[in-house]
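Okay, here's what each chain looks like letter by letter:
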Amino acid sequence: MSRVASPTFRDSLSVSLTVGAYGVAFGAAAVANGFSVLQSCLLSLLTFSGASQFAVIGVIGAGGGAISGITTASLLGIRNGLYGVLMAPILKVRGLKRVVAAHITIDESTGVSLSQESRGESAMREGFWLTGFGVFIFWNLFTLAGALGAKAMGNPSAWGLDAAVPAAFLGLVWPRLKNTTDKFLALTAAVFAIVTTPYLPAGLPIIGTAVIAIIAGVRKAK
Amino acid sequence: MDTLWIGVIGTSVIAYALKFAGHSVPEKFLSHPLIKRINLLIPIALLSALVAVQSVTTKSAIVIDHRLAGLGAAILALFFKAPFPIVVLSAAITSAAVYNFF
């Protein structure tokens, strides 16, 4: 059982468990926003990307249309595509393996894999697969638990579930705010979204901030 | 098919398409520094907007209620470097307390 002792295995397992547990928050939030238990579980099984999942339930739950929800979720999903670009040359897989690898290409599997760089390419591959599958299993189990729990609770406000959703978004964005530009962008986006909410159709105040991000990126490049 | 189902299926299809595309395009195609930077900034903007909209708006109105107290608790928890579940839990408990007792 030397594999169990391997540091890569331990890194993967600890990340899988902690991140997977967030699934409770997602399952509960999805049900609080009007999604069924089945729909909540399907989002975790098929979309399998936390930020995108929270986005689609958040936008639609706030009264936005399907297109607004899907667009916001997809803009957040672009980064998984970039992770794929990084991972493909390391994994070197084709056919069915590549189909599976793509599905588990997320923040955590990519992050753990890249953090194993000093241990060599085989450790990087091991980290990717173990973390990808680990998060997948725990994320889905905990989503089901959260969704069933929220369904049993009834009124979401009485249990604080309506505040759990923005808190989850805050928890997702907080570690990304690394410098003044990031923080300024975060504040600008928040203010823009609040101020335009009474005037724009639901969803647009959120999607519109992607334009602010692009402007910020281009300006910084100059 | 209703909005919820379209949302579930549409999000899932595009999410997978994006992941698979990444594994299939040549590396230099997406590694332009500008694309990389914008890719880091877009989640910051969208997630911040979602925090704001979910805590102080209801439909198309700005509403200050128990949720803002919950968000305050979450910010406090993050300042003390609390892990994600504690952040969410402290927001939920605070918000529920304000909702039920005030």
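- Annotation of chain A in UniProt includes, under Subcellular location (unreviewed entry), the sentence "Cell membrane".
- Listed under Sequence similarities (unreviewed entry) in UniProt, the entry text for chain A is "Belongs to the AzlC family."

## Some words on the interface of chain B and chain A
Piece 1. Between chain B and chain A, the residue contacts involve 65 residues of the former and 88 residues of the latter.
Piece 2. Summing the contributions of chain B and of chain A, the shared interface buries around 6,700 Å²; its carbon and sulfur component is 77%.
Piece 3. The largest contributions to the chain B side of the interface with chain A come from Lys19(B), His23(B) and Phe84(B), which together make up 12% of the buried area.
Piece 4. Viewed at the interface, chain A and chain B are joined by 14 residue pairs in polar contact (both at pLDDT 80 or more).
Piece 5. Mapped by element, the contributors of at least two residues to the side of chain B that touches chain A are α1 (3–24), α2 (27–30), α3 (33–56), β2 (61–62), α4 (66–79) and α5 (84–101) of chain B.
Piece 6. With 20 residues, the single largest contributor to the side of chain B that touches chain A is α3(B).
Piece 7. When the residues that make up the side of chain B that touches chain A are grouped by side-chain class, the tally is 41 nonpolar, 18 polar and six charged.

## A word on the nonpolar core
Piece 1. Residues Phe35(A), Phe54(A), Ile57(A) and Leu185(A) are the most contacted members of the largest nonpolar core, which totals 69 residues.
Piece 2. At eleven residues, α3(B) tops the list of elements feeding residues into this core.
Piece 3. Those residues in contact with Leu185(A) that lie beyond four places of it in its chain are Ile212(A), Ala213(A), Ala216(A), Leu41(B), Ile44(B) and Ala45(B).

## A look at the environment of His32(B)
Residue and element names in this part refer to chain B.
Piece 1. Checked against the element boundaries, His32 lands in the loop between α2 and α3.
Piece 2. For His32, a relative accessible area of 46% puts it in the partly exposed group.
Piece 3. Among the polar contacts made by the side chain of His32, one reaches the main-chain amide nitrogen of Leu34 at a distance of 3.0 Å.

What counts as what
- Residues numbered from 1 in each chain as written.
- Chains lettered and ligands numbered in written order.
- Predicted model: local features only at pLDDT ≥ 70, side-chain atom pairs only at ≥ 80, totals over all residues.
- Heavy atoms only, no water.
- UniProt positions renumbered as here; feature names shortened; annotations may be inferred.
- Contact = heavy atoms within 4.5 Å.
- Buried area = accessible area lost by both parts, 1.4 Å probe.
- Polar contact = N/O pair within 3.5 Å; in protein donor to acceptor, adjacent residues only side chain to side chain.
- Helix = DSSP H or I, 4+ residues; strand = E, 2+ residues; numbered from the N terminus.
- Nonpolar A, V, L, I, M, F, W, Y, C, P; charged D, E, K, R; others polar.
- Core = buried A, V, L, I, M, F, W, Y, C linked by side-chain atoms within 4.5 Å.
- Buried < 20%, exposed > 50% of the residue type's maximum accessible area, 1.4 Å probe, protein only.

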